[in-house]
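Results of the structural survey
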Amino acid sequence: MRRRRSVSEISAASVPGRGTTFTISLPLTIPMSATRPGEQVSGRRPLILVVEDNKTAQRVIEHVLDRADCDVIVADNGESGLRMAASRPVDLILMDLQM
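Rules of the game
- Position numbers for residues start from 1 in each chain and track the written sequence from start to end.
- With the structure being a predicted model, the display of local features is reserved for residues of pLDDT at least 70 and the display and counting of side-chain atom pairs for 80 or more, all residues being used for whole-chain, interface and lining totals.
- No hydrogens and no water enter the side-chain calculation; it runs on all heavy atoms of the structure.
- Numbering goes from the N terminus for both helices and strands, where a helix is a DSSP run of H or I of at least four residues and a strand is a run of E of at least two.
- The buried label goes to any residue with under 20% of its type's maximum accessible area, the exposed label to any with over 50%, and the partly exposed label to all in between, with areas taken from a 1.4 Å probe on protein chains only.
- In this analysis, two residues are considered to be in contact whenever any of their non-hydrogen atoms come within 4.5 Å of each other.
- Here the accessible surface of atoms and residues is derived via Shrake-Rupley with a 1.4 Å probe, and residues count as covered only by protein chains that are part of the display.
- Two strands make a pair as long as DSSP finds a minimum of two bridges between them.
- Polar contacts, as counted here, are pairs of nitrogen or oxygen atoms within 3.5 Å of one another; within protein the pair requires one atom able to donate a hydrogen and one able to accept it, and residues that are adjacent in sequence qualify only if both atoms are side-chain atoms.
- By definition, a salt bridge exists where a carboxyl oxygen of Asp or Glu is found within 4 Å of a side-chain nitrogen of Lys or Arg.
- Lines fitted to C-alpha atoms define the axes here, with helix axes fitted over just the stretch in contact, and angles between the N-to-C directions of these axes take values from 0 to 180 degrees.

Of regular secondary structure, the protein possesses two helices and five strands. Looking at the protein residue by residue over its 99 residues, the buried ones come to 17%. Of all intrachain contacts in the protein linking residues separated by at least 6 positions in sequence, the fraction that spans at least 24 positions is 49%. Summing over all exposed atoms, the protein offers an accessible surface of approximately 8,300 Å²; the carbon and sulfur share of this is 54%.

Next up, the structure:
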């Protein structure tokens, strides 16, 4: 069996007047003790803070993360997001930069 070298990649594709798409690829090793997608070695679901002012985007992101077995909390703006992040530890913060 050959071992594949783990390589992280970041790329960006931009279209003037339309926006930019960033893609991040991180090779992950899943521990044998994990039984469900998204489950950590500690046995708890990752907690993700989503900071997004668009209600439709909030619902879509929540749905996708829930299907990935993540717990999600949502803040409607940056100030609320900062308060939430300071009040409890989160595993990841996803934030809309243009609010």
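Having put the structure on the table, let's press on.
This brings us to the pairing of strand S1 (residues 9-15). Burial within S1 is sparse, with just zero of its seven residues counted as buried. Bridge analysis of S1 against strand S2 (residues 19-25) gives seven bridges, and the strand direction is antiparallel. Within S2, the residue paired with Ala12 across the bridge is Phe22. Where S1 folds back on S2, the antiparallel hairpin that results is connected by three residues, among which Gly17 adopts a positive phi of roughly 80 degrees.

This part covers unusual backbone geometry. Negative phi characterises most residues that are not glycine, and trans characterises most peptide bonds. Positive phi outside glycine occurs at Asp69, with the angle close to 60 degrees. As for its placement among the helices and strands, Asp69 is situated in the loop between helix H1 (55-67) and strand S4 (71-75).

Locating Asp71 in the fold gives a position in strand S4. Residue Asp71 is classed as partly exposed on the basis of its relative accessible area of 35%. The spatial distance from the C-alpha of Asp71 to the C-alpha of Asp91 is 9.9 Å, given a sequence separation of 20 residues. Ignoring anything within four residues of it in the chain, the contact list for Asp71 reads Arg45, Pro46, Leu47 and Ile48. At 2.9 Å, the side chain of Asp71 and the side chain of Arg45 are in polar contact.

Close approach of charged atoms lets side chains of opposite charge pair. Following the criterion strictly, the structure yields five salt bridges and no others. Across the pair Arg45 and Asp66 runs a salt bridge whose closest N-O atoms are separated by 3.4 Å. Taken as a pair, Arg45 in the loop between S2 and strand S3 (47-51) and Asp66 in helix H1 lie far apart in primary sequence, 21 residues in all. Among the residues examined, Asp66 registers a relative accessible area of 45% and is labelled partly exposed. A salt bridge links Glu79 to Arg83; the shortest N-O distance between them is 3.2 Å. Highlighted residues: Glu79 and Arg83, both in helix H2 (residues 78-87), separated by four residues, approximately one helical turn.

Spatially, the three strands line up as an open sheet ordered S4-S3-S5, and their pairing is parallel. Of all the strands in the sheet, just S4 and strand S5 (92-95) have a single pairing partner and so form its edges. Neighbour-to-neighbour, the strand axes of the sheet open up by a mean angle of 20 degrees, direction not taken into account. Judged from the four bridges that link them, S3 and S5 form a sheet pairing that is parallel.

Everything listed here is a matter of geometry and, on its own, says nothing about what the molecule does.
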